[in-house]
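Results of the structural survey
These are the residues of each chain, in order.
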Amino acid sequence: MSDRQEIIRELAREALAEGRVDYFLGWGQGYDASQNIPVFVREVTDVDRLQWNPLCHHNLTVFLKRKMPDPPDARIGVCVKGCDSRTLVALLQEGLVDRDRLYIVGVPCDGVVDRRKIDREFTGEVIGIEFTGDKVLARTAQGDSKEFDRTSLLLDQCGGCHYPNPRVADDIAGDTVPEPEGEPQWPSLAEFEALSPGDKAATLAAAFSTCIRCFACIHVCPVCYCWDQCVNRSRTPALVSQRVEKGENLMFQLVHMFHVAGRCPSCGACDRACPVEIPLYLLHEKMNKELYDMLRFEAGVDLEGKPVLQAFSLDDPFGEG
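What you see as residue numbers is a count from 1 along each chain, following the sequence as written. Two thresholds apply to this predicted model, a pLDDT of at least 70 for residue-level local features and 80 or more for giving and counting side-chain atom pairs, whereas whole-chain, interface and lining totals are computed over all residues. The side-chain quantities take in all heavy atoms of the structure and omit both hydrogens and water.

Another aspect to go through is the overall build of the protein chain. For the protein chain, the helix and strand inventory stands at 10 helices and 9 strands. As defined in this context, the radius of gyration uses C-alpha atoms, and a globule is described by 2.2 Å times the residue total to the power 0.38. Relative to its length of 321 residues, the protein chain is compact, with a C-alpha radius of gyration of 20 Å against a globular reference of 20 Å. Along the three orthogonal principal directions, the C-alpha set of the protein chain runs to about 55 × 50 × 45 Å. A contact between two residues is defined here by any heavy atoms of the two lying within 4.5 Å. Restricting to contacts in the protein chain with at least 6 residues of sequence separation, those with at least 24 account for 68%. When the accessible surface of the protein chain is split by element, carbon and sulfur atoms take 51% of a total near 15,500 Å². The helix count covers DSSP runs of H or I at least four residues long, the strand count covers runs of E at least two residues long, and both are numbered beginning at the N terminus. Only the protein chains shown count as cover for residues, and all accessible areas are computed by the Shrake-Rupley method using a 1.4 Å probe.

Structural data, given as structure tokens:
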């Protein structure tokens, strides 16, 4: 982990010192040593704020879709993991960001820790998380501590990740990691897929009954780009009800799912942002699985390709074979 961190810092230092970027976007320590947050580095002297460890879950490409502000013509350095890079590919394919103004540092990823899994093991507030090899040591403000195997704490999305290495980058922070062979897998969907249609509907209804319509999932989604004219929040015209009720909540999420279909790589940003911990990945993983089964399409894999819903071919398999 430390080797990648030092490489990220060195690459950022060189880019800032040479004037190739106006600022560099990476990860850094948050309020305490138990969390990482997005960090904007504008000065060479601040490069050591950048960190890399399994808490670096934020998909930083979300900051690029906002018409790339501050200033409007800024040249930006940005770190991307494998799943992050796939969202960036989707944005580039649709011309939503300017490639010439980006300096992309790809970070090979061994999996990201789900901080919520650690929190559930303690009654007190976790204020420190340390990584030593495959071991994770967490401690609370009350002095309690516990050691975990890192693999037991990984996000569900990481278990089926087929692209841990960046799909687009100018420089790579360290050696790439082995990638799974064969067709993509969706292990996080196995339990859901085994349910009957009625039980699937009941599971989704129960999950979304707790939604408070805070829209955090939309704001944090890197490929949901009409955030300032969102159909889910529009009252003129009122296409989607604003009522907080399980049926309307599910409709709200279904609209979001279809909106990002063919561009979402299941980075899980929406899932992690949800304050009531709705398993939003169920919908997006399901859509991605259907797109692959029908059309052999995976979002953000081929920079030279087109989003699946913007192309048509008579050779599309439509589930054959």
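In this section: helix H6 (residues 197–208). End to end, H6 covers 17 Å across 12 residues, agreeing with the expected 16 Å (1.5 Å per residue, within 8%). Each residue's exposure class comes from its accessible area (1.4 Å probe, protein chains only) as a fraction of the maximum for that residue type: buried when under 20%, exposed when over 50%, partly exposed otherwise. Along H6, the residues that are buried comprise Lys200, Leu204, Ala207 and Phe208. Each buried residue of H6 sits inside an arc of 85° when the element is viewed along its axis, so together they form one side. Of the surrounding elements, those touching the buried residues of H6 are helix H5 (190–193), helix H8 (246–259) and helix H10 (281–295). The span expected for a helix works out to 1.5 Å for each residue beyond the first. Throughout, the arc means that of the directions going from the helix axis to the C-beta atoms.

Looking now at the packing of H8 against H10. Interaxial angle, 0 to 180 degrees, is taken between N-to-C directions of lines fitted to C-alpha atoms, where a helix line uses only the stretch in contact. Relative to each other, H8 and H10 sit at 40°, their axes nearing to 10 Å. When the axes of H8 and H10 are compared, the crossing they make is right-handed. Across the interface between the two elements, Gln253, Leu254, His256, Met257 and Phe258 of H8 pack against Leu283, His284 and Met287 of H10. Here the residues of the contact of H8 with H10 sort into 5 nonpolar, 3 polar and no charged. Crossing handedness is defined as follows: a turn of the near helix away from the far one that is anticlockwise and smaller than a right angle gives a left-handed crossing, while the clockwise case is right-handed. Residues are grouped as follows: Ala, Val, Leu, Ile, Met, Phe, Trp, Tyr, Cys and Pro are nonpolar; Asp, Glu, Lys and Arg are charged; all remaining types, including Gly, are polar.

Taken as a whole, the protein chain is organised into domain 1 (2–112 + 154–310) and domain 2 (113–153). The source of the domain bounds is an automatic or database domain assignment. Placing a centre on the C-alpha atoms of domain 1 and another on those of domain 2 gives a separation of 24 Å. With 16 residues of domain 1 at the contact, the number on the domain 2 side is 16 residues. What gets called buried area is simply the loss in accessible area from a 1.4 Å probe that two parts show on being joined, summed for both. Looking at the side of domain 1 facing domain 2, the largest losses of area belong to Ser34, Leu154 and Glu277, adding up to 41% of the total buried there.

Trans peptide bonds make up most of the peptide bonds, and negative phi angles are found at most residues other than glycine. The residue Ser266 is not glycine, and still its phi comes out positive at about 60°. With respect to the helices, strands and loops of the structure, Ser266 is situated in the loop between H8 and helix H9 (269–273). Ser266 gets classed as buried once you look at its relative accessible area, which sits at 10%. The backbone phi angle of Glu277 is positive, close to 55°, even though this residue is not glycine.

By definition here, a salt bridge exists when the distance from a side-chain nitrogen of Lys or Arg to a carboxyl oxygen of Asp or Glu is within 4 Å. On inspection of all chains with the given rule, the structure shows 22 salt bridges. Between Glu6 and Arg9 there is a salt bridge, and its shortest N-O distance comes to 3.5 Å. Taken as a pair, Glu6 and Arg9 lie in helix H1 (residues 2–17) at a separation of 3 residues, close to a single helical turn. What makes Glu6 partly exposed here is its relative accessible area of 45%. Under the relative-accessibility criterion, Arg9 is labelled buried at 12%. For Glu10, the salt bridge is made with Arg13, and the minimal N-O distance between the two is 2.9 Å. Taken as a pair, Glu10 and Arg13 lie in helix H1 at a separation of 3 residues, close to a single helical turn. Overall, Arg13 belongs to the partly exposed group, its relative accessible area being 27%.

Before going further, it helps to spend a moment on the nonpolar core. In terms of nonpolar packing, the biggest core is built from 73 residues, with Ile8, Phe24, Cys79, Leu88 and Phe208 touching the most fellow members. Ranked by residue count, the leading element in this core is H10, at 7 residues. Setting aside residues up to four positions removed in sequence, Ile8 forms contacts with Phe24, Leu50, Trp52, Cys79, Val107 and Ala173. Residues belong to one nonpolar core when they are buried, are Ala, Val, Leu, Ile, Met, Phe, Trp, Tyr or Cys, and are joined through side-chain atoms within 4.5 Å. Core analysis: the second largest hydrophobic core is formed by 10 residues, Leu55, Ile118, Val126 and Ile129 among them.

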